[in-house]
Amino acid sequence: LIRIAGENKCVKHHYCIIFEDYNVPKPRPMPRYFIEMSFKGTRYHGWQAQPNADTIQSVIESTIQILTGKVIETTGAGRTDTGVHARYFILHLDS
């Protein structure tokens, strides 16, 4: 039986599912952190992570993993090309 708003309804005669508790709390969303930064991109292949290339995003994510022991993805507010510097750049991460 599936309990819907206090009613009991059978989905099929042979296969019925029982949900007992509708008051299960929903998980809280992870907090979102914003980081304001600047960088010199001379040695990097832009912001966005790429396979087989050093990028600002991959360096930041690997540093976060070393510090926290967790794999945390970041999202940048823009992109840069290879060798480009950023005076003001914002990224966010959920943790």
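These numbers come from a predicted model, not from an experiment. (Residues numbered from 1 in each chain as written. Predicted model: local features only at pLDDT ≥ 70, side-chain atom pairs only at ≥ 80, totals over all residues. Heavy atoms only, no water.)

Asker: Help me out: how do you make sense of the confidence of the model for the protein chain in this one?
Answerer: Should pLDDT be low for a region, the predicted coordinates there are not to be read in detail. Per-residue pLDDT for the protein chain averages 81, and the proportion of residues at 70 or more is 73%. No element of the protein chain has a lower mean pLDDT than strand β1 (residues 2–4), at 42, and none a higher one than strand β4 (residues 74–76), at 95. Every residue in residues 1–8 is under pLDDT 50, and counting partners more than four places away or in other chains gives 20 contacts. This stretch, residues 11–16, has a pLDDT under 50; its non-local contacts, to residues over four places away or in other chains, come to three contacts. (pLDDT = per-residue confidence, 0-100. Helix = DSSP H or I, 4+ residues; strand = E, 2+ residues; numbered from the N terminus. Contact = heavy atoms within 4.5 Å.)

Asker: What exactly am I supposed to notice about the environment of Phe-39 here?
Answerer: Structurally, Phe-39 can be placed in strand β3 (residues 32–39). The buried category is assigned to Phe-39, whose relative accessible area is 10%. Apart from the residues within four sequence positions on either side, Phe-39 is in contact with Ile-56, Thr-80, Val-84, His-85, Ala-86 and Phe-89. (Buried < 20%, exposed > 50% of the residue type's maximum accessible area, 1.4 Å probe, protein only.)

Asker: Quick question: what am I supposed to make of the packing of aromatic side chains here?
Answerer: Any aromatic ring pair is given by two values, namely how distant the centres are and how the planes are angled relative to each other. Under the criterion given, the structure shown has two aromatic pairs. Relative to Phe-89, the ring of Phe-39 has its centre 5.7 Å away and its plane inclined at 70 degrees; by these criteria the two rings are edge-to-face. Of this pair, Phe-39 sits in strand β3 while Phe-89 sits in strand β5 (residues 86–94); the two residues are 50 residues apart in sequence, bridging distant segments of the chain. On the numbers, 4.7 Å between centres and 40 degrees between planes, the contact of Trp-47 with Phe-89 is tilted. Taken together, the positions of Trp-47 in the loop between β3 and α1 (56–68) and Phe-89 in strand β5 put the pair 42 residues apart, joining distant regions of the chain. What makes Phe-89 buried here is its relative accessible area of 7%. Following the ring pairs from residue to residue traces out a cluster consisting of Phe-39, Trp-47 and Phe-89. (Phe/Tyr/Trp six-rings, centres within 6.5 Å; stacked < 30°, edge-to-face > 60°.)

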